[in-house]
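Listed here are the chains, written in short residue letters.
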Amino acid sequence: MKVLAKINRGVILTVVVLLGVAAYLIGLEVMHSAARKEIGALCEEYIQAELRYHMLPEEYRGATPGMTEAELDGYIAQMKEDLTPYYVDNEQTYRYLFNSLEESLRNQAQGYDVTYELTKDIMKTEITFDGDKASVQLSCYTTLKGTAAYTPDIAASTTTRDSSASGETRDTLYLQRVDGEWKLTYSNLTVPYAQFGGL
């Protein structure tokens with residue numbers, strides 16, 4: 001009888017542990033399921049916001065943009081104001097991106113590699129969780145239309161011409177939950193280069 005009692009306690013303990021693990025895993029999956037929806041919506045919103053600042057305002061998207069320095073400075077300030085709230089409160093997380101976008105916008109305002117249109121259609125989203133952090137891998141169909149530097153031959157000077165590129169890109173975003181809200185810690189949106197005719 002003592003052997004049977006020990007076996008019963010062991011079985012009961014095993015069942016209790018298995019039920020506890022199952023409840024934990026189910027709770028975690030429910031929590032991640034809700035977070036996936038929130039993160040997916042945030043990523044879609046952020047991508048559209050960032051893509052806007054890969055281009056000059058629509059009225060200046062031409063071979064000779066004609067944007068004044070004051071207008072450009074205001075547009076860059078608006079970019080920083082619009083994109084900063086998506087990131088955790090740490091300038092190191094977005095400084096490189098902002099500098100890169102600003103440099104591109106200043107070049108475009110001078111008529112170099114002007115982007116007329118840049119779109120990303122998300123085809124697949126993979127989200128991986130690690131505690132309060134999430135990694136998002138996106139497969140997107142990306143299209144770019146604009147001008148590109150062109151040198152017809154070695155003796156000729158460089159000119160610009162309309163060009164386009166499109167294809168599948170892999171984009172990466174890292175997020176962290178801060179005070180109950182998901183914020184970006186890193187963004188790498190792949191942009192095709194029109195001068196190479198593709199990705």
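Residues numbered from 1 in each chain as written. Predicted model: local features only at pLDDT ≥ 70, side-chain atom pairs only at ≥ 80, totals over all residues. Heavy atoms only, no water.

Engineer: Go over the overall build of the chain with me, naming the residues and quoting the values.
Structural biologist: Along the chain, the regular secondary structure elements total 3 helices and 4 strands. Reading the helices (α) and strands (β) of the chain from amino to carboxyl end gives α-α-α-β-β-β-β. In the chain, once contacts between residues fewer than 6 apart in sequence are set aside, the share between residues at least 24 apart is 64%. Surface accessibility of the chain: about 12,200 Å² in total, with carbon and sulfur atoms responsible for 54%. (Helix = DSSP H or I, 4+ residues; strand = E, 2+ residues; numbered from the N terminus. Contact = heavy atoms within 4.5 Å. Areas by Shrake-Rupley, 256 points an atom, 1.4 Å probe, with all protein chains shown as cover.)

Engineer: Explain helix 2 (residues 69-83) to me, using residue names and the numbers behind them.
Structural biologist: Over its 15 residues, helix 2 runs 21 Å from end to end, which matches the ideal 21 Å to within 8%, given 1.5 Å per residue. Among the residues of helix 2, those classed as buried are L72, Y75, I76, M79 and L83. Considered in projection along helix 2, the buried side chains sweep an arc of 100 degrees and stay on one side of the axis. With respect to the buried face of helix 2, the exposed residues turned more than 90 degrees away are A70 and E81. (Expected span 1.5 Å × (residues − 1). Buried < 20%, exposed > 50% of the residue type's maximum accessible area, 1.4 Å probe, protein only. Arc of directions from axis to C-beta.)

Engineer: Explain the side chain of H54 to me, and be specific about the residues and the numbers.
Structural biologist: By secondary structure assignment, the location of H54 is in the loop between helix 1 (2-52) and helix 2. Setting aside chain neighbours within four positions, we find H54 in contact with L101, S104, L105, Q108, T115, L118 and V191.

Engineer: Any details on the pattern of salt bridges? Residues and values, ideally.
Structural biologist: Within this structure, the stated rule accounts for 8 salt bridges. For E102, the salt bridge identified is with K80, shortest N-O distance 3.6 Å. Linking E102 in helix 3 (residues 95-109) with K80 in helix 2, this pair joins segments that are 22 residues apart in sequence. (Salt bridge = Lys/Arg side-chain N within 4 Å of Asp/Glu carboxyl O.)

Engineer: Before we move on, can you summarise the packing of helix 2 against helix 3 with the specific residues and values?
Structural biologist: Think of two packed helices as two axes; the pair is described by the angle between the axes and how far apart they sit. Across the interface, helix 2 lies against helix 3 with an axial gap of 11 Å and an inter-helix angle of 155 degrees. Considering their axes alone, helix 2 and helix 3 lie roughly antiparallel with respect to each other. Handedness of the crossing formed by helix 2 with helix 3: right-handed. Counted together, E69, L72, D73, Y75, I76, M79, K80 and L83 of helix 2 and F98, L101, E102, L105, R106 and A109 of helix 3 form the full contact between these two elements. (Axes fitted to C-alpha atoms, helices over the stretch in contact; angles between N-to-C directions. Parallel < 35°, antiparallel > 145°, perpendicular 65-115°, else oblique. Left-handed = near helix turned anticlockwise from the far one by under 90°.)

Engineer: Would you mind going over the nonpolar core in detail, with residue names and values included?
Structural biologist: Grouped together as the largest cluster of nonpolar side chains are 40 residues, with contacts concentrated most on I39, L83, L173 and L175. Elements with a minimum of two residues in this core: helix 1, helix 2, helix 3, strand 1 (115-130), strand 2 (133-150), strand 3 (159-178) and strand 4 (181-188). In terms of residue count, the dominant contributor to this core is helix 1 (8 residues). Beyond its immediate chain neighbours, meaning those up to four positions away, I39 contacts I127, F129, A134, V136, L175 and W182. (Core = buried A, V, L, I, M, F, W, Y, C linked by side-chain atoms within 4.5 Å.)

Engineer: Describe unusual backbone geometry, listing the residues and the values that go with them.
Structural biologist: One non-glycine residue, D113, adopts positive backbone phi at about 45 degrees. One can find D113 in the loop between helix 3 and strand 1. In this structure, D179 is a non-glycine residue whose phi angle is positive, near 50 degrees. Topologically, D179 is positioned in the loop between strand 3 and strand 4.

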